[in-house]
Amino acid sequence: MKNLFCDNKDIRNEADVESLFVDRILNTLQYPDDKVRRKTSISEITIGKGSKKEKYKPDYVLLDSSNTPIIVLDAKSPDETPEDYIHQVSSYALYLNRKYSDKNPVLYTVLTNGNKFVVYPWDSEQPVFYLLFEDFIDGNEKFLELRSNLSYSAFNQVAATEHIF
């Protein structure tokens, strides 16, 4: 099966999810290259899950026009269940939000394995968007809603009107 970005038979591992799926979605959402931080330029933190601790850094942190982090996104292998890793992205969002005393700039966390694309408010386990691979086609209502809410320009409009009211 093929969607706007790739054929799902070509997504075999996490690197494929990143390059064939996520990078192309970010391009469609019109994130400029300088507003996408990739794993190599992201700080690693120690997070806890129960009594265990692990080192973690997401695959992407997306920035708004003022270079403030707004989305933490992590790609997983197609054989992993994205929902099992919400503790990682939400812990990283908390880490970033703690750096700001007056606001929580990270609004969303995203997990994907190429087959599922799940968007959460940074502090919730209830997804606000849940798309399957086949939803990423022209005219699909879920995809249109995702684009209107998570595109780079959507966050610029919020930032531009924030201090008016």
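Being a predicted model, the structure only gives us computed values, none of them experimental. (Residues numbered from 1 in each chain as written. Predicted model: local features only at pLDDT ≥ 70, side-chain atom pairs only at ≥ 80, totals over all residues. Heavy atoms only, no water.)

Engineer: Before we move on, can you summarise the nonpolar core with the specific residues and values?
Structural biologist: In this structure, Phe21, Tyr31, Ile71, Phe117, Val119, Phe136 and Leu146 are the most contacted members of the largest nonpolar core, which totals 31 residues. At the level of elements, α1 (14–28), β4 (60–63), β5 (69–75), β6 (108–112), β7 (116–121), β8 (129–132), α3 (141–150) and α4 (152–161) are the ones that each hand at least two residues to this core. Ranked by residue count, the leading element in this core is α1, at six residues. Apart from the residues within four sequence positions on either side, Phe21 is in contact with Asn3, Phe5, Cys6, Ile11, Asp16, Thr112, Gly114, Phe117, Phe133 and Phe136. (Core = buried A, V, L, I, M, F, W, Y, C linked by side-chain atoms within 4.5 Å. Buried < 20%, exposed > 50% of the residue type's maximum accessible area, 1.4 Å probe, protein only. Helix = DSSP H or I, 4+ residues; strand = E, 2+ residues; numbered from the N terminus. Contact = heavy atoms within 4.5 Å.)

Engineer: If you had to explain helix α2 (residues 86–97) to someone new, which residues and values would you point to?
Structural biologist: Here α2 is twelve residues long and its end C-alpha atoms lie 16 Å apart, about the 16 Å a rise of 1.5 Å per residue gives. Of all the positions in α2, only Ile86, His87, Gln88, Val89, Tyr92, Ala93, Leu96 and Asn97 are classed as buried. Packing partners of the buried residues in α2 comprise β2 (45–49), β3 (52–56), β4, β5, β6 and β7. (Expected span 1.5 Å × (residues − 1).)

Engineer: So what about the packing of aromatic side chains? Which residues, and what values?
Structural biologist: One pass over the structure, following the stated rule, counts twelve aromatic pairs. Ring centres of Phe21 and Phe117 lie 6.4 Å apart, and the angle between their planes is 75 degrees; on these two criteria the pair is classed as edge-to-face. Within this pair, whereas Phe21 is found in helix α1, its partner Phe117 is found in strand β7, the two being separated by 96 residues in sequence. Each member of the pair Phe21 and Phe117 is classed as buried. By the ring-pair criterion, three or more aromatic residues cluster together here, those being Phe5, Phe21, Phe117, Phe133, Phe136 and Phe143. (Phe/Tyr/Trp six-rings, centres within 6.5 Å; stacked < 30°, edge-to-face > 60°.)

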